[in-house]
Amino acid sequence: MPHVNIKHFPAPLNEEQASELVSAITEAVTKAFGCTEDVVSIALEPVERQAWQDQVYAPEIVERKHLLHKTPSY
């Protein structure tokens, strides 16, 4: 606890960029939840643009809008 799953269009993140992103998210999560970084897990999950509507938007954003703390503008 906690687990963060970031779904995104495929992007050419190199190892350094991915590491910086994971470090920043880990820092924010540990600060917010008052936990240590060893209990945080983070997944970066690329989703093809043509699959976004069915795999992410409908099930994660529309159907679970009550859980969103930031909504997209699209």
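Scroll up to find the structure this text is about.
**Student:** Go over the overall build of the chain with me, naming the residues and quoting the values.
**Tutor:** When its secondary structure is counted, the chain shows 2 helices and 2 strands. In sequence order, the chain lays out its α and β elements as β-α-β-α. Residue burial in the chain is summarised as follows: out of 74 residues, 19% are buried. Look at the contacts in the chain between residues 6 or more apart in sequence, and 62% of them connect residues 24 or more apart. Of the roughly 5,900 Å² of accessible surface on the chain, a fraction of 54% belongs to carbon and sulfur atoms. Counting 6 positive and 11 negative side-chain charges, the chain places the centres of these two groups 12 Å from one another.

**Student:** Report on the environment of Y57, specifying residues and quantitative values.
**Tutor:** The topology assignment puts Y57 in helix α2 (residues 52-62). A sequence separation of 26 residues divides Y57 from K31, and the C-alpha atoms of the two residues are 28 Å apart. In this view, Y57 contacts W52, V62 and Y74; residues no more than four positions away in its chain are not counted.

**Student:** Which residues make up the packing of aromatic side chains, and what values go with them?
**Tutor:** Enumeration according to the criterion identifies 2 aromatic pairs in this entry. Ring plane angle 45 degrees and centroid distance 5.4 Å describe the contact between Y57 and Y74, whose orientation is recorded as tilted. Of this pair, Y57 sits in helix α2 while Y74 sits in the segment after α2, and the two are 17 residues apart along the sequence. The class of Y74 is exposed, set by a relative accessible area of 55%.

Cut-offs used in this document
- Starting afresh in each chain, residues are numbered from 1 along the sequence in its written order.
- Since the coordinates come from a predicted model, pLDDT governs what is reported: local features require at least 70, and pairs of side-chain atoms require 80 or more to be given and counted, while whole-chain, interface and lining totals use all residues.
- Each side-chain value is derived from all of the structure's non-hydrogen atoms; neither hydrogens nor water enter the calculation.
- We count a stretch as a helix when DSSP gives it H or I for four or more residues in a row; a strand needs E for two or more, and each element gets its number in order from the N terminus.
- The rule is simple: take the accessible area with a 1.4 Å probe, protein chains only, and divide by the maximum for that residue type; under 20% is buried, over 50% is exposed, in between is partly exposed.
- By the convention used here, residues are in contact when the closest approach between their heavy atoms is within 4.5 Å.
- To measure how exposed things are, a 1.4 Å probe is used in the Shrake-Rupley method; for residues, cover is taken only from the protein chains shown.
- Within this scheme the basic residues Lys and Arg register as positive and the acidic residues Asp and Glu register as negative, but His and the chain ends are omitted.
- Charge coordinates come from a single atom per side chain, which is NZ of Lys, CZ of Arg, CG of Asp or CD of Glu.
- Aromatic pairing here means that ring centres of Phe, Tyr or Trp (its six-membered ring) are within 6.5 Å. Orientation follows from the plane angle: under 30 degrees is stacked, over 60 is edge-to-face, and everything else is tilted.

All we've got here are geometric facts, nothing functional implied.
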